[in-house]
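Remarks on the overall topology
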Amino acid sequence: MELTHLNQRGEASMVDVTDKSVTDRGARAAAEVRMSEAAFRQLAEGNNRKGDVLSVARIAGIQAAKKTADLIPLCHPLALSKVQVEFALDPDHCSVRIRSFCRLAGRTGVEMEALTAASVAALTIYDMCKAVDPAIAIGNIHLLEKSGGKHGHWTPPQGDAEPGLATAEEHW
């Protein structure tokens, strides 16, 4: 497989997407935040002194997706048509599962935007809850699915999919 972000001299280079077709493109990503029982309880009950943790994290994730090209040097600035960030609380594991979705009609994919949205939402949860638990762990950041473009629809190999996730048809 050819690395597209390297020029003929092996130097970093932004990919020229001028000749690519404009297609409907989408991507879903995930992240997870694990914390102490005290921090989780405070988040779940809406008692965090800094405010509504999940609302702030949702807005932060949306904003981050729109700013991905400012954060990741070789990403193209994109006119996203949809950014969605959702949360699922898991009281058994004192964790928050984050799911993001990005979509546009364009010449390049939105995987980096979906990954950035999930990552920054997780960082925001950490920031708002760290006073209660500075040992909060962020992890399991990964792409769940992408569609559009030359390669079409992609999902992880069969054994790698997460249980209990909505299918692309349910989500998109």
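These notes cover the structure that comes with them. (Residues numbered from 1 in each chain as written. Predicted model: local features only at pLDDT ≥ 70, side-chain atom pairs only at ≥ 80, totals over all residues. Heavy atoms only, no water.)

1. Observations regarding the sheet that holds strand β3 (residues 95-106)
Here is the rule: For two strands to be treated as a pair, DSSP must find no fewer than two bridges joining them. Per the convention used, a helix needs a DSSP run of H or I reaching at least four residues, while a strand needs a run of E reaching at least two, with both numbered from the N terminus. Angles here are taken between N-to-C directions and fall from 0 to 180 degrees, while the axes themselves are lines fitted to C-alpha atoms, restricted in helices to the stretch in contact. Whether two residues are in contact is decided by their heavy atoms, any of which lying within 4.5 Å being enough.
Sheet architecture is open: four strands sit in the order β2-β3-β1-β4, paired in antiparallel fashion. Either end of the sheet is taken by a strand with one partner, and the two such strands are β2 (82-90) and β4 (137-147). The sheet shows a mean angle of 15 degrees between the axes of neighbouring strands, direction not considered. Bridge count between strand β1 (residues 23-34) and β3: twelve bridges; the pairing is antiparallel. If you follow A27 over to β3, its bridge partner there is C102. Sheet strands in contact with helix α1 (residues 37-45) are β2 and β3, and its direction is about 125 degrees off that of β2. Those strands touched by helix α4 (residues 111-129) are β1, β2, β3 and β4, and its axis lies near 25 degrees from that of β1.

2. Some details on the packing of helix α2 (residues 53-66) against α4
Rule in force here: The sense of a crossing depends on the near helix, which, turned anticlockwise from the far helix by less than a right angle, makes the crossing left-handed and, turned clockwise, makes it right-handed. Note on residue classes: Ala, Val, Leu, Ile, Met, Phe, Trp, Tyr, Cys and Pro are nonpolar, Asp, Glu, Lys and Arg are charged, and everything else, Gly too, is polar.
Two numbers describe how α2 lies on α4: the axes approach to 7 Å, and their chain directions differ by 145 degrees. For α2 against α4, the interelement crossing comes out right-handed. For the pair α2 and α4, contact is made by V53, L54, V56, A57, A60, G61, A64 and A65 and by E113, T116, A117, V120, A121, T124, I125, M128 and C129, respectively. Of the residues in the contact of α2 with α4, the class split is 13 nonpolar, three polar and one charged.

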